[in-house]
Each structure stands twice: as structure tokens, then as C-alpha cells.
Amino acid sequence: MKNELKSLVALFATALLCSCAATPVKKEPKKLAQSGEKEYRAADAAARAGDSKKAIPRLKRFIANNPDTEETANAHFALAQIYQNQQQYTDALTNYLSIVNMPTSSPLETEAALRASKIQLRLNQPADAEKTLEGLRRAKTDSIDQKVEIEKTRYEALNAQKKHMRALEALATLGEI
């Protein structure tokens, strides 16, 4: 019995260490070069003006030429919004998840992940939405509004998967916020 307990403790400790080692640490974004600033401003201006025919290729080109900057996350977000407005949900999802999966940190990560999870629900991918939301819950957002949206969307994802008890737990969490 003692040996089994020692084995379980050792296994648990190993799992804990591996899970900590697997958690990626995000880097700070790189500073945008001066040439990239002009390119970004032109792409952003087209997006803000609602000119998606100009904005989409400009944003894509900017992203390809300037990875890992804060403006890259902004460009992905603008592109995702354009696609979402055009009901091109798969393309919107790809760009929102690109922000979440960037090796650099961005203040847009939480909002991008939340929007991605809502699109995943729209695309009948509740298990993927649940995974996206679990990442958000671990990140511990400070915004009460975002916490509420995370738990409401998590409820929808769990309910869609017929995980009713866990869905009720999400509702209970809403009461604690």
C-alpha cells in the first residue's frame, strides 16, 4: 500500500511538472519597423473605411511581412472582424485564433478567444469552444464583463454537448462573479 501511494505521488508530481513545462510563456511583441508603420496605417485605414477589397489584401500582406508585433495582432483582429461581418466564419475564426496562438502577448487575446469560441459554437464545434474557453479561464482575466461572457459562452458550449451538470456549474460561477 505504501509503495502504491509513493508511486501515485511520484506520478502526480511528474504530471504537475510536465504541465507547467508545457505552458508556453509569451514574449513581448517586437517593435514595428518604420516601413511597417506606413503599411499598417494604410491597411488599417482601409479596414476602418469599410473597404474590404483593399483592406483584406493589405492586412494579409502586413501580417506576412511583420510577424510578432502588437500591430500584427491588431491586423488579425481587423481581418477577423471583416470576415465575421461578411459571414465568412471559418476565416474569421482562423484570424481570431491566430491572435491567441501568437508567440507574443497581446491585449486582444482575451477578446479574440471569446469571439473565437462564439464562432466555434456557431459552426457547431462546442467541444472546441469549450477548450478555447478553458484557456481563457486559466488566464484569469480582470474584466468582470469578460468573465461573465466567458461563463455564459461556456454554459452554451457545455449545454450543446449535453454536459448539463457542468453547464449548471458554469451558471453557478456566474453567480459568484
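Placed above this text is the structure.
This write-up is about the structure you can find in this document. (Residues numbered from 1 in each chain as written. Predicted model: local features only at pLDDT ≥ 70, side-chain atom pairs only at ≥ 80, totals over all residues. Heavy atoms only, no water.)

### Overview of unusual backbone geometry
Of note, the phi angle at Q87 is positive, near 60°, even though the residue is not glycine. By relative accessible area, Q87 is classed as exposed at 58%. (Buried < 20%, exposed > 50% of the residue type's maximum accessible area, 1.4 Å probe, protein only.)

### What about the side chain of T69?
Inspection of the secondary structure assignment puts T69 in the loop between α3 (52–65) and α4 (70–85). Separated by 2.7 Å, the side chains of T69 and T72 make a polar contact. Apart from the residues within four sequence positions on either side, T69 is in contact with P29, K30, L32, F62 and M102. (Helix = DSSP H or I, 4+ residues; strand = E, 2+ residues; numbered from the N terminus. Polar contact = N/O pair within 3.5 Å; in protein donor to acceptor, adjacent residues only side chain to side chain. Contact = heavy atoms within 4.5 Å.)

### Looking at the packing of α4 against helix α6 (residues 109–122)
Interaxial distance between α4 and α6 falls to 12 Å at its minimum, and their mutual angle equals 25°. The orientation of α4 relative to α6 falls into the category roughly parallel. The handedness of the crossing between α4 and α6 is left-handed. In this structure, α4 contributes F77, Q81 and Q84 to the contact, and α6 contributes E111, A112, R115 and I119. (Axes fitted to C-alpha atoms, helices over the stretch in contact; angles between N-to-C directions. Parallel < 35°, antiparallel > 145°, perpendicular 65-115°, else oblique. Left-handed = near helix turned anticlockwise from the far one by under 90°.)

### A word on the nonpolar core
With 27 residues, the main nonpolar core has L59 and Y96 as its most contacted residues. At 8 residues, the largest contribution of residues to this core is made by α4. In contact with Y96, not counting residues within four places along its chain, are F77, A80, Q81, Q84, A112, R115, A116 and I119. In terms of nonpolar packing, the next biggest core, distinct from the first, is built from 5 residues, A113, L114, L136 and I150 among them. (Core = buried A, V, L, I, M, F, W, Y, C linked by side-chain atoms within 4.5 Å.)

### Some thoughts on the pattern of salt bridges
On inspection of all chains with the given rule, the structure shows 10 salt bridges. Measuring nitrogen to oxygen at the nearest pair gives 2.8 Å for the salt bridge that ties E130 to R166. On the criterion of sequence distance, the pair formed by E130 in helix α7 (residues 126–139) and R166 in helix α9 (residues 164–176) is long-range, its members being 36 residues apart. Residue classification places E130 among the buried residues on the basis of a relative accessible area of 8%. (Salt bridge = Lys/Arg side-chain N within 4 Å of Asp/Glu carboxyl O.)

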